[in-house]
Amino acid sequence: MQRRKPKPTLLFVDDLQSVHNYTSKVSRQIGAKKRTAFNPAQAEKIISQRLAAIQRLRIRLEGQASSSKNPKERKVLIGKINYLKQLKTKPFDLIISDVNMPHGFPVGVKFAEGVKKRYPGQKILMHSDDQHALDYLREKGIDYEVKRNQHDNEAQLKQRLKQELWPKKFKRKQTDDDWY
């Protein structure tokens, strides 16, 4: 029996419903699980809830592993437990956050910096269509994606998510408008 890999998990943080609509479509197309937050406080709550659920699952699996008499089953359970332990420093496979949200610029960047401090293994991708914000991201050396019109964004986001989630399979090509 072949082991099933877990679906990639994404967290999108953006104050615009229209962005959440097309990111839902793209997430389904690439086979990822997606959570949405409309502001950093909501995103922090989602991260905390996810980590608590992971902790509960890990404890349950540890109990099953310690009581299992089947060595193959125990080995599988220990593998799952080790995977869950890795998620402490990386609750989601990728967090995508807008830079500009209500409460001023650069709310999204401050959120991302706080997440990176608490979860050093967490990948974060910022996105914006504001030139001032893009200049700021470039200056800080923060990875970002430029928001364009919705149709272009869907194709661009789909390709970028594949590159971030499966870097060996989808090589990233630098273009003239890439600053990251």
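Note that the structure is predicted; figures quoted are calculated from it, not measured.

Procedures and definitions
- Residues numbered from 1 in each chain as written.
- Predicted model: local features only at pLDDT ≥ 70, side-chain atom pairs only at ≥ 80, totals over all residues.
- Heavy atoms only, no water.
- Core = buried A, V, L, I, M, F, W, Y, C linked by side-chain atoms within 4.5 Å.
- Buried < 20%, exposed > 50% of the residue type's maximum accessible area, 1.4 Å probe, protein only.
- Helix = DSSP H or I, 4+ residues; strand = E, 2+ residues; numbered from the N terminus.
- Phe/Tyr/Trp six-rings, centres within 6.5 Å; stacked < 30°, edge-to-face > 60°.
- Lys NZ or Arg CZ within 6 Å of the ring centre and 35° of its normal.
- pLDDT = per-residue confidence, 0-100.
- Contact = heavy atoms within 4.5 Å.
- Salt bridge = Lys/Arg side-chain N within 4 Å of Asp/Glu carboxyl O.
- Polar contact = N/O pair within 3.5 Å; in protein donor to acceptor, adjacent residues only side chain to side chain.
- Pairing = 2+ DSSP bridges.
- Right-handed = clockwise from strand over helix to strand, strands pointing away.

**What to know about the nonpolar core**
Here's step 1: Counting residues in hydrophobic clusters, the biggest one holds 23 residues, and the most contacted among them are Leu 11, Val 13, Ile 47, Ile 95 and Met 126.
Here's step 2: Of all the secondary-structure elements, those providing two or more residues to this core are β1 (9-13), α2 (40-67), α4 (107-118), β4 (124-128), α5 (131-140) and β5 (144-146).
Here's step 3: Listed in part, the 13 residues of the second largest apolar core include Val 26, Ile 30, Leu 157 and Leu 165.

**Description of the packing of aromatic side chains**
In this description, an aromatic ring pair is defined by two values, namely the gap between the centres and the angle between the planes.
Here's step 1: Evaluated as defined, the whole model comprises zero aromatic pairs.
Here's step 2: One residue, Arg 50, lies across the ring of Phe 92, its end atom 5.0 Å from the ring centre.

**Some details on the confidence of the model for the protein**
Here's step 1: Here the protein averages 83 in pLDDT, and 88% of its residues register 70 or above.
Here's step 2: Across residues 174-180, where pLDDT falls below 50, the model places ten contacts with residues more than four positions away in sequence or in other chains.

**Quick notes on the pattern of salt bridges**
Here's step 1: Taken as a whole, this structure holds three salt bridges when the rule is applied.
Here's step 2: Among the ionic pairs, Glu 62 bridges to Arg 58, the shortest N-O distance being 2.5 Å. On the criterion of helical spacing, the pair formed by Glu 62 and Arg 58 is a turn pair, its members being four residues apart in helix α2.
Here's step 3: Its relative accessible area of 11% is what places Arg 58 among the buried residues.
Here's step 4: Put simply, Arg 160 and Glu 164 hold a salt bridge, and the shortest N to O gap is 3.1 Å.

**Describing the environment of Asn 39**
Here's step 1: Structurally, Asn 39 is set in the loop between β2 (33-37) and α2.
Here's step 2: Filtering out sequence-adjacent residues up to four positions away, Asn 39 remains in contact with Val 13 and Met 101.
Here's step 3: Polar contacts involving the side chain of Asn 39 include one to the main-chain amide nitrogen of Ala 41, which spans 3.1 Å.

**A look at the pairing of β1**
Successive residues of a regular strand alternate their side chains across the two faces of the sheet.
Here's step 1: Counting buried positions along β1 gives five out of five residues, so the element sits mostly inside the fold.
Here's step 2: Of the two faces of β1, the one holding Thr 9, Leu 11 and Val 13 and the one holding Leu 10 and Phe 12 are both buried throughout.
Here's step 3: Where β1 and β2 come together, five bridges link them in parallel fashion. Across the sheet, the residue bridging to Phe 12 is Thr 36, located in β2.
Here's step 4: Of the crossover connections in this fold, the one passing from β1 over helix α1 (residues 17-30) to the parallel β2 is right-handed.
Here's step 5: Pairing between β1 and strand β3 (residues 94-98): four bridges, direction parallel. Paired with Leu 11 across the bridge in β3 is Ile 95.

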